[in-house]
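Structure assessment
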Amino acid sequence: MINRKLAPEIKDAVDFEVALKPYEKFTLDNGIPVYVIESDEQETLQLEMVFPAGSWYESENLIASAANFLMKNGTGKHSALQINESIDYHGAYLNRSCHHEFGTYTLHCLTKSFSSLLPTLQEVILDPAFSEEELAIFQQNMKQRLAVNLQKCDFVANRHIDKYLFGEFHPYGRVSSMEAYDALQTASLKAFYQQHYTYNNCRIFVAGKLPDQLIPQLNQYFGTTRWNGEATIIKPEIAIMPAEEKKFRIFNDENGVQGAVRIARHFPNRYHPDYPKMLVLNTIFGGYFGSRLMSNIREEKGYTYGISSQVYNFRQTSAINIHTEAGRDVCEATIEEIHKEMRTLQNEIVDEEELALVRNFMIGSILGDLDGAFQIIQRWKNLILNDLDEHYFYNNIKTIKTISAEELQVLAKQYLTPEDWYELVVI
């Protein structure tokens, strides 16, 4: 019998053995790979169809995101309203997203509704209409949204810092514009769709409570034909053209009371040996609520409600971005404090107590991220799409548990020199 008067033993997160549940892989008749994580916890299912259809591959600005969005807005048989009503009837969600490298369609539904939703999903992926009417609505809505967002300092800051880092013509630095929305044509959207949303460029990720006939059903709707033909996608080489200057001040809202601060720099991508180490250093610096930046600039100085530092996971290269919104009168002081924390990490060894806290926080976060099939398949998707395997995952775990304070100081001296960072304030 449990003695309720005795508190249970406290076990640090770093003492747990973190394990990444393996996936099952199937192949449809036409060669489409299907990666599966099964779970009996809930009667729900998530299916993602991923294509190399991000902004990296577009010849005209916004073609990739517009094509991805409009695929769902009407097919050869059904209107956008009918498609949405069919999905809503089953209490499901069909989300789309488009980033730099990939375009994705994600279905969330009850397991019992999966077979009923497959015909709709097939229509959206295989037979989008790209009607002139839906394009016109999309253009109007997006231009209105852009006009509103351009009044917000944080939105403007995000656009500009990317342009400074990568160049305005690079996929990582390109931004939307009224002119780019006006220039969209249905013929270009259809051509981009036909080239990138093909059977041989599709990968499917499934997680959750699986129906009995998952693979036969997927095969029926997506595996029996070479839909949209066979296309070879060659990723073009695009040079990064960063700004020559490193300090920028932009006046955007004369009536605003806050300014948006962005401080960023390039960093090697996830294939570089410094990348997993930087995840630890960045967490100490500004990667969680107890970080150096939060403790100083929010808790001690009261300049902001929140400040954080993030390592971007781009394929060609990565970047580190410090972002916050602060009172207009303290934006410059905020930057000085950020520089101060950089120099402190360069000049002083992180003590073992703080490092142990960060280790436990990071391992605990990973344990939380592996709680459930949906989260596990996301981990595997990121590895697979980046041509990595479980060894990369376990190497990162090892780095978190074993990196020394001396290694972190060497890393800080290499990457946290204030003069190497781009600096932007939008007020």
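Residues numbered from 1 in each chain as written. Predicted model: local features only at pLDDT ≥ 70, side-chain atom pairs only at ≥ 80, totals over all residues. Heavy atoms only, no water.

1. What about the environment of Val14?
The residue Val14 is located in the segment before β1 (24-27) in this model. Measuring from C-alpha to C-alpha, the distance between Val14 and Phe361 comes to 8.8 Å, with 347 residues separating the pair along the chain. Discounting chain neighbours no more than four positions away, the residues touching Val14 are Arg359, Asn360, Ile363 and Lys401. (Helix = DSSP H or I, 4+ residues; strand = E, 2+ residues; numbered from the N terminus. Contact = heavy atoms within 4.5 Å.)

2. Thoughts on the layout of surface pockets
Approximately 160 Å³ is the volume found for the second largest pocket. For the second largest pocket, the full set of lining residues is Lys246, Lys247, Arg249, Glu332, Ile335, Glu336, His339, Arg343, Pro418, Glu419, Trp421 and Glu423. Listed by contribution, the elements that provide at least two residues to the lining of the second largest pocket are β7 (247-250) and α11 (331-347). Classifying every residue of the lining of the second largest pocket by side-chain character gives three nonpolar, one polar and eight charged. (1 Å grid on protein atoms, 1.4 Å probe; cavity = no way out; pocket = protein on both sides within 12 Å on 5 of 7 lines; lining within 4 Å. Points joined across faces, edges and corners; volume = space filled by probe spheres on them. Nonpolar A, V, L, I, M, F, W, Y, C, P; charged D, E, K, R; others polar.)

3. Observations regarding a negative patch on the surface
A cluster of acidic residues, Asp351, Glu352, Glu353 and Glu406, forms a negative patch on the protein surface. For Asp351, the location among the structural elements is in the loop between α11 and α12 (352-369). Here Asp351 falls in the partly exposed class, since its relative accessible area comes to 43%. (Patch = residues over 30% accessible without salt bridge, like charges linked within 9 Å, V, L, I, M, F, W, Y side chains within 5 Å. Areas by Shrake-Rupley, 256 points an atom, 1.4 Å probe, with all protein chains shown as cover. Salt bridge = Lys/Arg side-chain N within 4 Å of Asp/Glu carboxyl O. Lys, Arg positive; Asp, Glu negative; His and termini not counted. Charge placed at Lys NZ, Arg CZ, Asp CG, Glu CD. Buried < 20%, exposed > 50% of the residue type's maximum accessible area, 1.4 Å probe, protein only.)

4. Concerning the side chain of Glu101
Examined against the element boundaries, Glu101 turns out to sit in the loop between β4 (93-98) and β5 (103-110). At 3.4 Å, the side chain of Glu101 forms a polar contact with the side chain of Lys235. Those residues in contact with Glu101, other than ones at most four positions away along the chain, are Phe51, Pro52, Ala53, Gly54, Trp56, Tyr57, Tyr172, Lys235 and Arg315. (Polar contact = N/O pair within 3.5 Å; in protein donor to acceptor, adjacent residues only side chain to side chain.)

5. Observations concerning the pairing of β5
β5 sits mainly inside the fold: six of its eight residues count as buried. Bridge count for strand β3 (residues 44-51) against β5 is eight bridges, and the pairing is antiparallel. Bridge pairing in β5 links Thr44 to Leu110. Pairing of β4 with β5 involves six bridges; the strand directions are antiparallel. Counterpart to Asn95 in the pairing with β5 is Thr106. Counting the residues in the hairpin turn of β4 and β5 gives four residues. (Pairing = 2+ DSSP bridges.)

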